[in-house]
Structure formats: C-alpha cells, structure tokens
Amino acid sequence: MAKLKGVCIGAGYFSQFHFEAWQRIDEVEIVGVCDAVKERAEEIVKTYGFKKAYANVEEMFRLEKPDFVDIITPPESHLELCKLAVAHNIDIICQKPLAPTLEEARKIESLIAASNVRMMVHENFRFQPWHRELKKLLETNVIGDKLHTINLRMRMGDGWQTDAYMNRQPYFREMERLLIYETGIHFIDVFRYLAGEITEVYAKLRTLNSNIKGEDFAWVHFDFENGGLGFLDANRYNENTSEDPRLTFGAVLIEGDKGSLRLYDDGKITIQLLGENEKEHEYSFNNQNFSGDCVFATQHHFVLNLISVTPFETDVANYIPNILVLEKIYESSKNGVPVKI
C-alpha cells in the first residue's frame, strides 16, 4: 500500500513533537513543511528528513497535492487554513484550541460538514496511555457502575517567575485567556472522555502572576449527565514534588460505588476497592516524545482511521462541546454563578 502524503504547517515550540512522531508512522511520508519563516521550515526538513520546505501554504498544496495536512499554527489561523485545505480537498488534523471563539469553531464545523474533507482535532491528552488505561478500567466496572466523582489536580510550577514562559512559549504572557483556554481544554476533553457529557460548570479563575495577562489558576466544578461530579484544581504558578510535572500533567482520583482509581504524577495507577488496601495496577507505557508518547498515539489514530474510513474520536463535531464548556467556564467565573451547558 502506498504511503499517505502529508504536509505540515507551522514550526513553533510544540511542532517538534508532531515532526518526531510523523517520522515513526510507517504509513506516512511528510513531503512538505511550511512556515512563514522559510529558514525554520528548511531546518525542520533537514533535521527530520522530510522532503521540501515552503513559505507559502497554497503553493505547497498545489505542488505536493497531499492526502492530509497537519495544522500546527495558532488558533487564530485555523479557519482560513481549513478553508484553503477544503478548497484543495485535503484532509486535516489540526492542533487545539480549534479556534479562538465558539463562533469560529462552528464555522469550521459547518465548513467540514459541507465538504468531502475529513478533519480531526489534535487533542492528545485523551491519548495519554494512563487515560486510555483508566477508561478501560471504568468500562469494565472495576470500581462499580456508578461514578461518584472525578478529581484532577495540576501544579505545573512553570508560571511563578517574573519571566514566566519566556523560555518555552513566551506568547502565553500576552494571552487574555490562558490556563483554561490553553491547557484546561485538554482536561475538559479528558473529563468528557472518562466521565461522559458535562451539564453544568461553576468556576473561579484568577491570575496569580501579575506579569501575565490571563488566568493561571482555576477551580472548576463539573456536573455530569450520569449524575457524577468532577473537580479541576489547576494552577501553573505553584509547584509540586513530582520529578516531571509534564509527564501526566496532574494526579487524578476517580471514585465509584465499589472503590477508587488513582493516577499518580509518575504514571502509576492504583485500584482500591471498598474495604481493601490500595493495589498497583500493572500496565506499561513509553516515556518518550511528549507525555507518554501521546502525540504519536494521536497522529497514528488519525492515520489509521483515515485509511480505514472510520470515525475519529475527536472529529470536529465531537469536539465542539469542549469549546462550549470552555466558554461556559469563563462565563461562570465572570458572573460568579453556576452555568448550565
């Protein structure tokens, strides 16, 4: 079978994880990389052994005629790039956040629905191996068939400095919306993946570092359709004691009518049934690339479902509810009241 021809747009900080993962996906050949600064694209092509560098997206689409495009650019550019891909009948995988507003996200949804193009959002946290394993345990009712609570606690410790984020993603400092918009969207998707649809949120957002514009602290309460409750306790300012806070990005406690599941910062999962001691659950994962190799898993899911013409877990229509929940979190924090979804 011939390899799928892929192209990539964008050479920012996170693109390195996309490029390394594409190298290891046998079904794909990356034939073009485009960036506004062509020298950066040329360096990527040289580093990863890809085919050709471009500074113009339409030229790359026209000359390479790819099967798919990986959009790794800021969300403000996504709608126009998706329009261009649709015009050239190119399937899409696109980094989150999908768009800067719910309105633009729905425009992308309508654009894709009216075309023959298939599109998946590069939502990689649900593809982290510990979240996949927790999902399996929940589906087999290891801790019962009634969800009581899901709690996620994140402490990144990368946002307290006067020059916070300058060494990795300096644009974070100027974002009017930061923690929920940039990182919390991942957790919204994880909560929906593990616990089902969200029906109400109540949020308190704050900015702890006065040197940045957006929020870096969030307490968010979730009501789930199945009657369970969730709580996100996220903070980029304060530190934790884990060796690598960017491995799992947080610790998780899930409680059901027969016991509890725990995810620790080092990727360890335990099961504690009611009346019994906590026991470690054996599973394995690769600690490479980014956060348990979840970028590879995300992109491989896209490729395999593209080939088999089967649904993506995070196609645009299924992803829109995440953005709706995100908007309601900001609304709740602004007005100081719970908000129905």
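As a reminder, the structure under discussion sits directly above these lines.
Residues numbered from 1 in each chain as written. Predicted model: local features only at pLDDT ≥ 70, side-chain atom pairs only at ≥ 80, totals over all residues. Heavy atoms only, no water.

*Asks:* I tried to follow the packing of aromatic side chains on my own but got confused; where do I start?
*Replies:* This structure, assessed with the given rule, holds 22 aromatic pairs. Between Tyr48 and Phe50, the aromatic rings sit 5.8 Å apart at their centres with planes inclined by 15°, giving stacked as the arrangement. Judged by centre distance (5.7 Å) and plane angle (70°), the rings of Phe125 and Phe187 are edge-to-face. Separated by 62 residues along the polypeptide, Phe125 in the loop between β6 (119–122) and α6 (129–139) and Phe187 in helix α7 (residues 179–195) bring together distant segments of the chain. (Phe/Tyr/Trp six-rings, centres within 6.5 Å; stacked < 30°, edge-to-face > 60°. Helix = DSSP H or I, 4+ residues; strand = E, 2+ residues; numbered from the N terminus.)

*Asks:* I'm lost on helix α9 (residues 316–335) in this one. Help?
*Replies:* Given 3.6 residues per helical turn, the α-helix brings residues three or four places apart onto the same face. With 20 residues, α9 extends 29 Å between its outermost C-alpha atoms, agreeing within 8% with the 28 Å of an ideal straight helix rising 1.5 Å per residue. Of the positions making up α9, those classed as buried are Val316, Tyr319, Ile320, Asn322, Ile323, Val325, Leu326, Ile329, Tyr330 and Ser332. Those residues of α9 that are buried lie in contact with α5 (102–113), β6, α7, β8 (198–206), β9 (217–224) and β15 (339–340). Positive backbone phi, at 70°, marks Gly336, one or two positions downstream of α9. (Expected span 1.5 Å × (residues − 1). Buried < 20%, exposed > 50% of the residue type's maximum accessible area, 1.4 Å probe, protein only. Contact = heavy atoms within 4.5 Å.)

*Asks:* Any chance you could explain the sheet that holds strand β7 (residues 147–155) here in plain terms?
*Replies:* Within a sheet, each strand pairs with its neighbour through backbone hydrogen bonds, oriented either parallel or antiparallel. One open sheet holds the 9 strands; their spatial order is β14-β13-β12-β11-β7-β10-β9-β8-β15, and the pairing between them is mixed. Both outer strands of the open sheet, β14 (279–281) and β15, are each paired with one neighbouring strand and no more. In this structure, strand β13 (residues 269–273) lies alongside β14, joined through 3 bridges in antiparallel fashion. Bridge pairing in β14 links Ile269 to His281. Where α7 meets the sheet, it contacts β7, β8, β9, β10 (229–235) and β11 (251–256), and its direction lies at approximately 155° from that of β7. Each of β8, β9 and β15 touches α9; the most contacted strand, β8, lies at about 50° to it. (Pairing = 2+ DSSP bridges. Axes fitted to C-alpha atoms, helices over the stretch in contact; angles between N-to-C directions.)

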